[in-house]
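# Fold and geometry: a report
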Amino acid sequence: MRVLRVHITGWVSSFRNPLFISGFQPTLPLPPLSAIYGLLSAAKGDWVTPHDAAIGYVFKSKGRAIDLETVYEFGGKLDAKSNINRREFLVQPELYLYTPEMWLKDALERPRYPLLLGRSSDLATVKSIDEVVLERKSETTYQNTIFPFPDAQIHGQVQVLPTHFTAEIPRKRCGARVFCLITEKIKYKGDVLHDTDKNWGVYLHAQKTS
């Protein structure tokens, strides 16, 4: 299968863990699909959803750290109460984004809006865009990606995560489902897609149907 492989990097990134509402804010180790579709929407300048594009990815970082941030809590009046929270973030993130949608190449080469890997302060840069062929194999290795849950061959942190959000404000979550976050190497047998250059498996989510 011919796809785009887009290498995207940043200084820091963070992806909110939906189990934590207040206080310490840990980051997920991997971005949800909604973060990837948000990045594509910013690049195109229009909404991109799982109905428009199939995507897969491998995400890596060099480590984690914790920052202190001031939060202003508004109680319905003009005055606000400040508070200090501890927020975890990922250092030097790298995203390898895969999509068979060749029409996204122009958008990623000349993004309409700033690209983000997480929050509005987590700026990202496209380092390279390559057209590559993913081979179909009977076995591969998955790591640093997310996989639909359940699957008997997969193990890792299990989370309910959104796939995308509505375009209207306030945003509404769409298509939430259960995923397994794979951070360790897992050998997988089946009809799989494999990036020979990188020697890892690529799972494409939301493959379009005609």
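Our subject is the structure listed above.
The notes below deal with the structure included here. It should be emphasised that the depicted structure is a prediction, and the values quoted were computed from it without experimental measurement.

### Considerations on the environment of Y57
- Residue placement: Y57 occurs in strand β3 (residues 56-60).
- Judged by relative accessible area, Y57 falls into the buried class, the value being 1%.
- Along the backbone, Y57 and I36 are 21 residues apart, and their C-alpha atoms lie at a distance of 8.8 Å.
- Excluding its chain neighbours within four sequence positions, the residues that come into contact with Y57 are L30, P31, L33, I36, L95, Y96, L97, Y98, N144, T145, I146 and Y203.

### Focus on the nonpolar core
- Residues L40, Y57, L95 and L108 are the most contacted members of the largest nonpolar core, which totals 32 residues.
- Elements that contribute at least two residues to this core include exactly β1 (2-10), α1 (33-44), β3, β6 (94-99), α2 (104-109), β7 (124-133) and β13 (177-182).
- For this core, the element with the highest residue contribution is α1, accounting for 7 residues.
- Contacts of L95, omitting those with residues within four sequence positions, involve V6, H7, I8, I36, Y57, V58, F59 and L117.
- Grouped together as the second largest cluster of nonpolar side chains are 10 residues, V58, V132, L193 and V202 included.

### Thoughts on the packing of aromatic side chains
- A full pass over the atoms with the stated rule returns 6 aromatic pairs.
- An angle of 80° between the planes, with centres 5.6 Å apart, marks the rings of F15 and F59 as edge-to-face. Placement of the pair is F15 in the loop between β2 (12-13) and α1 and F59 in strand β3, with a sequence separation of 44 residues. As far as the burial class goes, F15 and F59 line up, both buried.
- Consider the rings of Y142 and Y188, whose centres lie 5.4 Å apart with planes at 70°: the pair is edge-to-face. Here the residue Y142 occupies a position in strand β8 (residues 135-142), and Y188 occupies one in strand β14 (residues 186-195), the gap between them amounting to 46 residues. There is no split in this pair, since Y142 and Y188 are both buried.
- An aromatic cluster is defined as three or more aromatic residues linked by ring pairs; in this entry it consists of Y142, F147, Y188 and Y203.

Rules used throughout
For every chain, the first residue of the written sequence is number 1, and numbering continues from 1 along that sequence. A pLDDT threshold of at least 70 governs which residues receive local features in this predicted model, and a stricter bar of 80 or more applies before side-chain atom pairs are shown or counted, although totals over entire chains, interfaces and linings include all residues. By convention in this description, side-chain values take in all heavy atoms of the structure and omit both hydrogens and water. Labels follow the DSSP assignment, with helices taken as runs of H or I lasting at least four residues and strands as runs of E lasting at least two, numbered in each case from the N terminus. The buried label applies to any residue whose accessible area, calculated with a 1.4 Å probe on protein chains only, is under 20% of its type's maximum; exposed applies above 50%, and partly exposed to all values in between. Any two residues whose heavy atoms approach within 4.5 Å are treated as being in contact. In plain words, nonpolar cores are sets of buried Ala, Val, Leu, Ile, Met, Phe, Trp, Tyr and Cys residues tied together by side-chain atoms within 4.5 Å. Two aromatic rings from Phe, Tyr or Trp, using only the six-membered ring of Trp, form a pair when their centres are within 6.5 Å; if the ring planes differ by under 30 degrees the pair is stacked, by over 60 it is edge-to-face, and anything between is tilted.

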